[in-house]
Amino acid sequence: QDDELSYALGKQGGTRKKLERSSGAIVQYVGHNAFFSGTREQRKRAREYMKWLFEQLEGPVYVEGWEDRDDCTVVDVPSDCIGYVTGARRAALGGIETDWGVLMFFM
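Residues numbered from 1 in each chain as written. Predicted model: local features only at pLDDT ≥ 70, side-chain atom pairs only at ≥ 80, totals over all residues. Heavy atoms only, no water.

**So, helix α5 (residues 91–100)**
What counts here: Accessible area is worked out with a 1.4 Å probe on protein chains only. A residue is then buried under 20% of its type maximum, exposed over 50%, and partly exposed in between. Put simply, DSSP marks the helices as runs of H or I at least four residues long and the strands as runs of E at least two long, and each gets a number from the N terminus on. For this quantity, the arc is that covered by the directions from the helix axis to the C-beta atoms. Should any heavy atoms of two residues lie within 4.5 Å, those residues are considered in contact.
For α5, the full list of buried residues reads Leu93, Gly94 and Glu97. Around the axis of α5, the buried residues are gathered within 100° of arc, so they sit on the same side. Looking at α5, the residues exposed on the side facing more than 90 degrees away from the buried face are Asp99 and Trp100. Along its buried surface, α5 packs onto α2 (14–23) and α4 (82–86). Once α5 ends, the next one or two residues include Gly101, with phi positive near 70°.

**Structural notes on the environment of Ser22**
Inspection of the secondary structure assignment puts Ser22 in helix α2. Exposure remark for Ser22: the relative accessible area of 17% places this residue in the buried category. Residues Ser22 and Ala34 lie 12 residues apart in sequence; the distance between their C-alpha atoms is 16 Å. Once you skip the residues sitting within four places of it in the chain, Ser22 turns out to touch Tyr49, Gly101, Val102 and Leu103.

**Quick word on the pairing of strand β1 (residues 26–30)**
Selection criterion: Two strands make a pair as long as DSSP finds a minimum of two bridges between them.
Only one face of β1 is covered, namely the one carrying Val27 and Tyr29; the face carrying Ile26, Gln28 and Val30 has none of its residues buried. Pairing of β1 with strand β2 (residues 33–37), which is carried by 5 bridges, proceeds in the antiparallel orientation. Each residue of the ladder has a partner; that of Ile26, found in β2, is Ser37. Once β1 ends, the chain turns through 2 residues before running back antiparallel as β2, passing Gly31 with a positive phi of about 60°.

**Notes on the environment of Glu58**
Structurally, Glu58 is set in helix α3 (residues 40–58). Along the primary structure Glu58 and Glu4 are separated by 54 residues, whereas in three dimensions their C-alpha atoms are 12 Å apart.

**Points about α2**
Most of α2 sits out of view: 7 of its 10 residues are buried. Every buried residue of α2 is listed here: Thr15, Arg16, Lys18, Leu19, Glu20, Ser22 and Ser23. Gly24 lies just past α2 and shows a positive phi near 85°.

**Brief notes about the confidence of the model for the protein**
Spelled out, the test is: A residue's pLDDT is the predictor's confidence in that residue, given on a scale from 0 to 100.
Taken over all residues, the pLDDT of the protein has a mean of 89, while the share at 70 or more is 98%. At the low end of the mean pLDDT range in the protein sits helix α1 (residues 2–9), at 72; at the high end sits β2, at 93.

**Overview of the side chain of Thr86**
Within the secondary structure layout, Thr86 lies in helix α4. Classification of Thr86 by relative accessible area gives buried; the value is 17%. In contact with Thr86, not counting residues within four places along its chain, are Ala91, Ala92, Leu93 and Phe106.

**Things to note about the packing of α2 against α3**
Our working rule: Each axis is a line fitted through C-alpha atoms, taken for helices only over the stretch in contact, and angles between the N-to-C directions span 0 to 180 degrees. When describing relative orientation, an angle under 35 degrees is termed roughly parallel and one over 145 degrees roughly antiparallel, while 65 to 115 degrees is termed roughly perpendicular and anything else oblique. Less than a right angle of anticlockwise turn of the near helix away from the far helix marks a crossing as left-handed, whereas a clockwise turn marks it as right-handed. Residue classes follow a fixed rule: Ala, Val, Leu, Ile, Met, Phe, Trp, Tyr, Cys and Pro count as nonpolar, while Asp, Glu, Lys and Arg count as charged, and any other residue, Gly among them, counts as polar.
Interaxial distance between α2 and α3 falls to 9 Å at its minimum, and their mutual angle equals 135°. When the axes of α2 and α3 are compared, the pair comes out oblique. For the crossing formed where α2 meets α3, the hand is right-handed. Residue-level inspection shows Thr15, Leu19, Ser22 and Ser23 of α2 in contact with α3, the latter providing Gln42, Arg45, Ala46, Tyr49, Met50 and Leu53. Partitioning the contact of α2 with α3 into residue classes produces 5 nonpolar, 4 polar and 1 charged.

Below you can see the structure in the form of structure tokens.
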């Protein structure tokens, strides 16, 4: 559980900040509990996004019904470009997430 909390917080709270920015909700941790503040939709998205973040630790994440969501975009990345798009230690992907206030992962 401590590993999950560390992951959810991220380095210097980076993952928490990404969750907040992408969902629009305020995300705070007290002990091993996450608290979400905002509109119902913002809180719902924050919970979903956190679930996806944990799922990606186990492998690829598939967002059911992504075609009908206004908060998901799927981009086909050729397999020979994945390393370039991801960057060393996920730096390129993380930079895009920070710059644009989004969460990105491979499905």
